[in-house]
Amino acid sequence: MSSFDIDVAIVGSGPSGIAAATALSQAGFKDIVVYEREADIGGIPRHTHHPSFGLRVFKRPMSGPKFIAALVRRCPDVRFETSTTITALRPGGVLELANATGLQTIRARHIILATGARETPRHGRLVPGLRPQGVITTGALQQFIYSAKLRPFERPVIVGTELVSFSALWTLRHAGIKPVAMIETGPRISAYRPATLLAKAMGVPIHYNTEITDISGIETLTQITTLTRGNKTAAIPCDGLIFSGCFTGENTIAAASHLCLNPSNRIPLVDQNWITSDSAVSVIGNATHPADMGDQCYLEGIKAGAYVAQLLAGNIAMDKAFAEIRHGDGIKMTTPSILRSDNFGDPLFDLSFHVTAPFKGTVCISHGEQVIYEEPRNCLPTRRITLRNIPFQAGHPIDLSLIGKSDVIA
Amino acid sequence: MPEARWDVIVIGGGVVGCAVTRRFALAGAKTLLLERGRDILSGASKANSAILHTGFDAPPGSLEVACMQAGYKEYLDIHARLNLPMLKTAALVVAWTEEQLAQLDGIVSKAHENGVDDARQISRKDLLSREDGLSKTALGAVEVPREYVIDPWSAPLAYLKQAVRAGAGYQFDTEIKSGAFDGEYWHLDTGQQRFSGRLVINCTGTNGDNIEHICRKPGFEIRPRKGQFLVYDKSASALINSIILPVPTATTKGVVLTKTIFGNLLLGPTAEEQQDRNVATVEREMLEGLIATGTEMLPGLAGHSVTATYAGLRPATQFKDYQISAEPGKNWIGVNGIRSTGLTAALGIAAFVEKLCSETYSDIADFRPAPIPDWPVMPVLAEHGKRAYQQGDGTEIVCHCERVTRGEIEAALDESDVPARSLGGLRRRTRVMMGRCNGFYCSARVAELTQGRISPPLAGHKKDQT
């Protein structure tokens, strides 16, 4: 159709965006543009220099920038437009974009949002105290150290013990900055236990069952006050505070658009093929499941891109209607969040979810009264749990529930 | 070097100090503004609810309502020339209980007594049709059509910029510790530096009584009242149309829900008495309490994320009204007890102070002829305005959440009137790092762009500094 400027517009050039572009390119689509608001492509891996990428895609560990470079070599025909911000998504495949010359509008046959995730910073977590400089996130830290080559502080405290918290530790080690401590509200680290070895090797204590009760410093940070097990108060002098992890999807464009959102977390609804409530828009990658590893996002993007290629080739007849995947307490979000029937692919689907608190018990999926899946699982927050090959019936909502106790895994 | 001699020295660069400096500079006085912080708005003025009030609920006959209404009128007169934004939202004082519903009548009468003739009671049905996001437990409201939302930081900056263009001086990082009056001039001292001026105007807000002691025994004491606020992400702004005010109690105006000029939704403030005049912490329990209150009024808030939390100190005194007075024979005017209405009243207070000056000190007030005012044009920061990124200023967006371009950041650092010299100053001038990610995406880039330009720096502390 001549009224379309391009076939597919992909928003975001992280692993999932590059993957979708690659799949579409390999399917023969020429008119694909990946929009990136930063000056350089790559998303989060661009400033993540430890070798936590590539194992699944390239069967070897790679740094973030090397991973991205290798991915880009797989899609030589894809056009990237950097320093270009998408400011609005509208029905009919319309994107409003801003670059140095101002605003313009483009129309694409299909739009893929791959806008990624970011950490929840201090304010969003309602952390008490004053508001001095020196309070940042791991993402910002990585950019300070690797991109700007600047040292934001010398004696920081890391808040959180997710995988990314140890990435912060790694980044500090690279810069020769020794953190004072790591702080964890729970009784164990959120990442896999061996990660503590890095902290141990660097001589950084991890304070468990500990929360921040005060941040001090008028202009720059001077100390934090912590409370351990609800009764032990301690002052920790420091000049930096890194809020790590607690990822949230960067869904600003989707949330301000016509797309249907899950009202409880404001994440756009996506079906098992990453199609949203608007069949001309997909949302892929960490925007809907903050945050999985770069390799997982890449593999997801390949599948999602291949599906869009089939859709644009006219090989898929897709139901407009969709059924919800409802979930009970203790579950943060599911991917997909809706189910839709089509004449293509497997009637079985994979369901991923994240829990809000540690859980040990039975994970159960039901269609009304009928239980279609039941399995004992141990679930930890920040880890993706995937249930595979779940059957579904067109038009019927399904319920995901946890039967057992939360907060039981110590 | 001979010591500079000023006609007027204004102590305190809050919104009132900036407006007073502007007024005297435009009147032709050689005026100097001294501020102890690193930028204007380092104290009470940086944290408020950014509403341009009609004065509908102020005490009738008070100096406060007079200054608010004069300030309101002057803001309407001058804002377009300064390119200052205004969002004509109107306000709704919502009754949530039968008891509050019965008070609406009185609120309308008081508004009319204050000359706000268009305030009127509206029914529950009208209220809910105008504000369909409000909880259905709302019972009715008073509509105040001319309550508006403005930019609390660009307005005072514009006042000072205009003053500077009229010949005013200013100096930050300058805390006055003492002073002496020689019968003709005041000599104010920081311990390292001395400033001499014929007239001193004390606009120091939460430090007002301490500074007042330089001249006289203050007739009031500052009793700081802390207000904590939450700023919700821009997605929440569409949940309301008007400013949602509660029915005030004897002690507090209560928790307000309002759009900000930047397209966010603001919830607050709390009202807490405290001793400390300099620091205002946020506390989790209070913030969670605000969220509970806000979500009860506006159920759709649940699920929207919080972009920022902040707290401010209002320079309340034991008195309800402003405490503005001149000390005859001592060339001193104290402008104190400007509680939470300073943003609205500032221009009116400035006019009142100028009048007080000419009435009390006719010899000083004979300033040289006023220059023709030059009107600085403020950059567009309002969400509803045409922002730099939309116009295409030839540079890239640095702060993605607030869509701030490199050009805007460089302009705020490079401009000659009152450039940004601290991170707070840069944030308030451009919105950079004010968004939902709190600098996740842009703070390192901002550190690069501001290297050697702001203090304290965002990065690059030397190891021997602590």
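Note that the structure is predicted; figures quoted are calculated from it, not measured. Along each chain, the written sequence defines residue order, and numbers are assigned to residues from 1. Here the convention is simple: chains get letters from A, ligands get numbers from 1, in the order in which they are written. The predicted origin of the model limits local features to residues at a pLDDT of at least 70 and limits the giving and counting of side-chain atom pairs to 80 or more, whereas totals for whole chains, interfaces and linings rest on all residues. Heavy atoms from the whole structure form the basis of all side-chain values; hydrogens and water molecules are not counted.

## Remarks on the overall build of chain B
- We count a stretch as a helix when DSSP gives it H or I for four or more residues in a row; a strand needs E for two or more, and each element gets its number in order from the N terminus. Within chain B one finds 12 helices and 22 strands.
- Two things to know: the radius of gyration comes from C-alpha atoms, and the globule rule equals 2.2 Å times the number of residues to the power 0.38. Rg of the C-alpha trace for chain B: 22 Å, near the compact-globule value of 23 Å for 466 residues, within the 12% margin.
- Burial classification: accessible surface area is computed with a 1.4 Å probe over protein chains only, and a residue below 20% of its type maximum counts as buried, one above 50% as exposed, and the rest as partly exposed. Here chain B holds 466 residues, and 61% of them are scored as buried.
- Throughout, a residue-residue contact means that at least one pair of heavy atoms, one from each residue, lies within 4.5 Å. At a minimum sequence separation of 6, the contacts of chain B that also span at least 24 residues come to 73%.
- Of the charged side chains in chain B, 52 are positive and 54 negative, and the gap between their average positions amounts to 3 Å. Lys and Arg are tallied as positive, Asp and Glu as negative. Neither His nor the chain termini are counted. By convention, the charge on Lys lies at NZ, on Arg at CZ, on Asp at CG and on Glu at CD.

## A few points about the side chain of Asp295(A)
Residue and element names in this part refer to chain A.
- Among the structural elements, Asp-295 can be located in helix H7 (residues 294-312).
- Note on definitions: salt bridges are taken to be side-chain nitrogens of Lys or Arg within 4 Å of carboxyl oxygens of Asp or Glu. Buried within the structure, Asp-295 lacks any salt-bridge partner; Arg-56 is the closest side chain of opposite charge, at an N-O distance of 6.2 Å.
- Polar contacts, as used here, are pairs of N or O atoms within 3.5 Å; protein pairs need one atom able to donate a hydrogen and one able to accept it. Residues neighboring in sequence count only if both atoms are side-chain atoms. Engagement of the side chain of Asp-295 in a polar contact is seen with the backbone nitrogen of Val-57, the distance being 2.9 Å.
- The contact partners of Asp-295, leaving out residues within four places of it in the chain, are Ser-52, Phe-53, Gly-54, Leu-55, Arg-56, Val-57 and Phe-67.

## Observations concerning unusual backbone geometry
Residue and element names in this part refer to chain B.
- Residues Gly-268 and Pro-269 are joined by a peptide bond in cis, for which omega reads 0 degrees.
- In this fold, Pro-269 is placed in the loop between strand E16 (265-268) and strand E17 (272-273).
- Ser-455 connects to Pro-456 through a cis peptide bond whose omega is -10 degrees.
- Here Pro-456 lies in the segment after helix H12 (443-450).
- Although it is not a glycine, Asn-83 adopts a positive phi angle of roughly 60 degrees.

## Let's talk about the UniProt feature "domain: FAD/NAD(P)-binding" (unreviewed entry) in chain A
- UniProt feature "domain: FAD/NAD(P)-binding" (unreviewed entry): in the numbering of this structure it lies at residues 7-288 of chain A.
- Measuring from the first to the last C-alpha atom of residues 7-288 of chain A gives 23 Å, for a span that is 20% helix and 28% strand. UniProt positions are given in the numbering used here, feature names are shortened, and annotations may be inferred rather than shown by experiment.

## Observations concerning the packing of aromatic side chains
- Only Phe, Tyr and Trp rings take part, Trp by its six-membered ring, and two of them pair if their centres are within 6.5 Å. Stacked means planes under 30 degrees apart, edge-to-face means over 60, and tilted covers everything else. One pass over the structure, following the stated rule, counts 11 aromatic pairs over all chains.
- Between Phe53(A) and Phe67(A) the ring centres are 5.4 Å apart and the planes differ by 25 degrees, which places this aromatic pair in the stacked class. Of this pair, Phe53(A) sits in the loop between strand E2 (32-35) and helix H2 (64-73) while Phe67(A) is found in helix H2, placing the two residues 14 residues apart along the sequence.
- Aromatic side chains Phe58(A) and Phe67(A) sit 6.1 Å apart centroid to centroid with 85 degrees between the ring planes, which places their arrangement in the edge-to-face category.
- Feature note: the residues Phe53(A), Phe58(A) and Phe67(A) constitute an aromatic cluster, connected by ring pairs.
- Here, a charge over a ring is recorded when the distance from Lys NZ or Arg CZ to the ring centre is within 6 Å and its angle to the ring normal is within 35 degrees. Over the aromatic face of Trp170(A) sits the side chain of Arg173(A), whose NZ or CZ is 5.1 Å from the ring centroid.
- Sitting above the plane of the Phe262(B) ring, Arg431(B) keeps its charged end 3.8 Å from the centroid.

## Things to note about helix H3 (residues 98-113) of chain B
Residues and elements named next belong to chain B.
- Helix length check: H3, at 16 residues, gives a terminal C-alpha distance of 24 Å against a target of 22 Å (1.5 Å per residue), a fit within 8%.
- One axis fitted to the seven residues ending at a residue, another fitted to the seven starting there: the angle between these axes is the bend at that residue. Where H3 bends most, at Leu-104, the angle is about 30 degrees.
- Among all positions in H3, only Leu-104, Ile-107, Val-108 and Ala-111 are buried.
- In this structure, the buried side of H3 is in contact with strand E5 (91-95), strand E6 (120-122) and strand E7 (140-144).
- Of the residues flanking the end of H3, it is Gly-115, one or two places downstream, whose phi is positive at about 85 degrees. Helix span is expected to be 1.5 Å times the residue number reduced by one.

## Overview of the interface of chain A and chain B
- The interface is formed by 51 residues belonging to chain A together with 52 residues belonging to chain B.
- Among the ionic pairs, Glu219(A) bridges to Arg38(B), the shortest N-O distance being 2.3 Å.
- For the pair chain A and chain B, the number of links is 16 residue pairs in polar contact (both at pLDDT 80 or more).
- Among the secondary structure elements, those contributing two or more residues to the side of chain A that touches chain B are strand E4 (85-90), strand E5 (94-99), strand E6 (102-113), strand E7 (117-119) and helix H3 (138-147) of chain A.
- Here the side of chain A that touches chain B gets 5 residues from one element, more than from any other, and that element is H3(A).

## Brief notes about the sheet that holds strand E11 (residues 206-207) of chain A
Residue and element names in this part refer to chain A.
- Strands are treated as partners if at least two bridges between them are detected by DSSP. Taken together, the 5 strands give an open sheet; going across it, the order is E8-E15-E9-E10-E11, and neighbouring strands pair in parallel fashion. The open sheet has two edge strands with one neighbour each: strand E8 (135-137) and E11.
- The pairing of strand E10 (residues 181-183) with E11 spans 2 bridges and is parallel. Residue pairing for E11: Ile-183 is matched across the bridge by His-207.
- To define axes, lines are fitted to C-alpha atoms, for helices over the stretch in contact only, and angles between the resulting N-to-C directions are given on a 0 to 180 degree scale. Each of E8 and strand E15 (240-243) touches H3; the most contacted strand, E8, lies at about 90 degrees to it.

## Some details on the pairing of E5(A)
Residues and elements named next belong to chain A.
- The element E5 is extensively covered by neighbouring structure, given that 5 of its 6 residues are classed as buried.
- Summarising the sheet, E4 and E5 pair through 5 bridges and their orientation is antiparallel. When the bridges of E5 are listed, Leu-89 appears paired with Leu-95.
- The turn linking E4 back onto E5 is made up of 3 residues, and Gly-92 within it adopts a positive phi angle of 85 degrees.
- As paired strands, E5 and E6 are joined by 6 bridges and run antiparallel to one another. In the strand pairing of E6, Asn-99 is matched with Gly-102.
- Counted between consecutive antiparallel strands, the loop separating E5 from E6 contains 2 residues.

## Focus on the sheet that holds strand E4 (residues 86-87) of chain B
Residue and element names in this part refer to chain B.
- Here we have 3 strands laid out as an open sheet, ordered E3-E8-E4, and antiparallel in their pairing. Every other strand in the sheet has two partners, leaving strand E3 (51-52) and E4 as the edge strands with one partner each.
- Across 2 bridges, the pairing between E4 and strand E8 (residues 148-150) is antiparallel. For Leu-87, the partnering residue across the bridge sits in E8 and is Val-149.

## Some thoughts on the side chain of His123(A)
- Mapped onto the elements, His123(A) comes out in the loop between E7 and E8.
- Here the side chain of His123(A) touches Thr309(B) through a polar contact of 2.8 Å, side chain to side chain.
- For His123(A), the contacting residues outside a window of four places in its chain are Arg131(A), Val306(B), Thr307(B), Ala308(B), Thr309(B) and Asn438(B).

## Considering the pattern of salt bridges
Residue and element names in this part refer to chain B.
- Within this structure, the stated rule accounts for 44 salt bridges over all chains.
- With a closest N to O distance of 3.4 Å, Asp-39 and Arg-428 form a salt bridge. With Asp-39 in the loop between strand E2 (31-34) and E3 and Arg-428 in helix H11 (residues 423-430), the pair connects residues that are 389 residues apart, well separated along the chain. For the pair Asp-39 and Arg-428, one class covers both residues: buried.
- Where Asp-363 meets Arg-198, a salt bridge forms, and the shortest distance between an N and an O atom there is 3.4 Å. One end of the pair, Asp-363, is in the loop between helix H8 (342-360) and helix H9 (388-391); the other, Arg-198, is in strand E12 (residues 194-202), with 165 residues separating them in the sequence.
- For Asp-363, a relative accessible area of 48% translates into the label partly exposed.
- Where salt bridges share partners, they join Lys-161, Arg-165, Asp-374, Glu-415 and Asp-417 into one cluster.

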